Structures are given as C-alpha cells and as structure tokens.
Amino acid sequence: METSLQHFRKSFIDDFPDAQEADTFFFMLLKAYAELTKAKFFAEPDRELSEEIVQRFNAAKVRLLQHEPIQYVLGYEWFYGRKFYVNPHVLIPRPETEELVDWIVEEYQNRDNLKVIDLCTGSGCIAISLALSLKGTVSAVDISAEALAVAEKNAQFLDAATNFFLADVLGTDLPKDSFDVIVSNPPYVREAEKDEMQANVLDYEPHLALFVTNDDPLLFYRRILEYAQKSLKPEGSLYFEINQYLEKPMHELALEYNFYGLNTRTDFRGNVRMLKLTRT
C-alpha cells in the first residue's frame, strides 16, 4: 500500500460516507499519532508514514466507522484550553460547558478563599478548570467510581488541587460544608429526546450521565436545590447547565426553593443553556 501522506489521506477518506468529516478525523489523528500539523502535511505531501502509524490509523478507522466518537478514539478532548483525558465512563466535554465555566470565572476571579463544589463532575472538566482559574478550594462529586478515576487522572495531569468525593447526588451523603459556588451539569436529557441524538452519543457516551425519565426530568435539579438550601452561603451562587426545553419549569422550580436573581445565558448555538440562581 502507498503510505505517502497524500495517498494515505485519500485512501483513509474514501472509506467514509462524509469526506469532510473524515478529513477532519485524518488531520486530528495525524497530529496525535505522527505529531504532524496540517501545515506540515502540505509542506511534505510525499513523506512516508511508518508501518506502526499506518496500523494505528487503520485501527482508529474501524472504530470511527462504527460511529465511536473521535475523542474516545484519541483518548482526550480539549476543554477551556487544556487537554482532558476521556473514556466511555465520562461524557465528552462540550463547548457549551466551557461557557458555563467562563461565566463563573468572570464573576469570581477577583475573589479570594472561595469554596466551590461541582456536582456530577464526570471527567472533572468543570471542577478542574475552576480550580485552575479561581482562588480557593474546589470539590467535586460523582456517583461513578470509574468517572472519578478519570477526573482524578485529569487533576493529577493538570496539577489541579481538587477534592473528589464518591457520592450519589440523589442521596444524603454529599459533603457537608458552606460553599460560595455550587455548579452542576447533571443528567437532563429526557428519554423522549433520544430520537434527536446522534448514534455516536447514544451508542457510546454513558447514559447514566445523560438521561432522565420523561415524567421527572428535573429530578437532579430538585435535589441539588435542596442541598443548596443548606450548603450555599448567603448570597452564594448556584450555576446549572440546563435542558433548553425546560427553561420555564426550571425557573418555577427555583422559585419554589426560594432562589432569586434568576439569570440565563444562551450558548453559542443560541439555545438557553445556562442558569444562575442566588440564594435568599
């Protein structure tokens, strides 16, 4: 087989139904496996790939053709300017969640001695990004020991001082403390919305971190609001990533729990995705 860069690129792309997406995959893999940028590719199109790299590409191609997310194939995703390890035990960090982190940093970066907790932390991308951007202590909770292992690996890799706790957000064993900020990106996709989702999400990302029942889609938010009533300092802030279709019910629920100053922000797609609440 011809293994020059230009010929291998063509043979790689030809097996995919979407050539543009395949080309994106090719250059992501090229950077990860051969440490070659797109600029380097075009500067040396006749450069030969080693047999080892060709084998890695072919193994990746098999997984990608089965709709496995490229992030799981690579083993990482970039979030808030940093590389985070990921595997199928954690959700792949999304750009929308970066905007949630940015909102918190924007409002708290000049404060000292903060206490922050991230509930349903997954890969730890929110908690670790805040630990590296704010002055204070950051804790993080998840029900999955496998997810926490990923989060702890990320914290160690990024040298982020973060306290991790294995606990069920719906249970009663959450950390007992007073926090300036509580943040959560909990499961919020209703079972009825599965038909709107792509196969690479449905077949590979952890359903435990994604879905809630149709009859009680605000289950996690209700529990977190109960927790915040006892664990959020006066004038402290509660930040959520929310389901765009449930903005109104979320507002109503927040008022039931005596939270005011309800502010929402849209994500880069124009969907209402972030909610900030302040305790009375």
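See the structure shown above.
All residue numbers refer to position in the chain's written sequence, counted from 1. Two thresholds apply to this predicted model, a pLDDT of at least 70 for residue-level local features and 80 or more for giving and counting side-chain atom pairs, whereas whole-chain, interface and lining totals are computed over all residues. Side-chain numbers here rest on the full set of heavy atoms in the structure, without hydrogens or water.

**Quick word on the overall build of the chain**
Here is step 1 of the chain: Working definition: helices are DSSP H or I runs of at least four residues, strands are E runs of at least two. Numbering for both runs from the N terminus. For the chain, the helix and strand inventory stands at eleven helices and eleven strands.
Here is step 2 of the chain: Structurally, the chain occupies a C-alpha span of about 65 × 40 × 30 Å along its principal axes.
Here is step 3 of the chain: Partly exposed describes any residue whose relative accessible area lies between the buried limit of under 20% and the exposed limit of over 50%, with all areas from a 1.4 Å probe on protein chains only and scaled to the type maximum. Per-residue burial for the chain yields a buried fraction of 50% across its 280 residues.
Here is step 4 of the chain: In this description, accessible areas are obtained by the Shrake-Rupley approach with a 1.4 Å probe, and a residue is regarded as covered only by the protein chains that are shown. For the chain, the exposed surface amounts to about 13,600 Å²; the carbon and sulfur share of it is 47%.
Here is step 5 of the chain: Each charge class in the chain can be summarised by its mean position, and for the 29 positive and 45 negative side chains these summaries are 4 Å apart. Note on charges: Lys and Arg go in the positive column, Asp and Glu in the negative column, and His and the chain ends are not counted at all. Here the site of a charge means atom NZ of a Lys, CZ of an Arg, CG of an Asp or CD of a Glu.

**Examining helix 8 (residues 145-158)**
Here is step 1 of the chain: Take the residue count of a helix, subtract one, and multiply by 1.5 Å to get its expected span. Taking 1.5 Å as the rise per residue, helix 8 with 14 residues should run 20 Å; its terminal C-alpha atoms sit 20 Å apart, in good agreement.
Here is step 2 of the chain: Taken as a whole, helix 8 has its buried residues at Ala147, Leu148, Val150, Ala151, Asn154, Ala155 and Leu158. One side of helix 8 carries all its buried residues, which in axial view fall inside an arc of 155 degrees.
Here is step 3 of the chain: Among the structural elements, strand 2 (82-85), helix 7 (125-131), strand 4 (136-142) and strand 5 (162-166) are those in contact with the buried residues of helix 8.
Here is step 4 of the chain: Immediately downstream of helix 8, the backbone of aspartate 159 shows phi near 55 degrees, a positive value. Arc definition: directions from the helix axis to the C-beta atoms. Here a residue-residue contact requires only that any non-hydrogen atoms of the pair lie within 4.5 Å.

**Examining the environment of cysteine 120**
Here is step 1 of the chain: Relative to the helices and strands, cysteine 120 resides in the loop between strand 3 (114-119) and helix 7.
Here is step 2 of the chain: Remark: the alpha-carbon pair of cysteine 120 and serine 144, spanning 24 residues in sequence, is separated by 9.0 Å.
Here is step 3 of the chain: Once you skip the residues sitting within four places of it in the chain, cysteine 120 turns out to touch Val141, Asp142, Val169, Ser184, Asn185, Pro186, Pro187 and Phe220.

Scope: geometric values only; no functional claims are made or implied.
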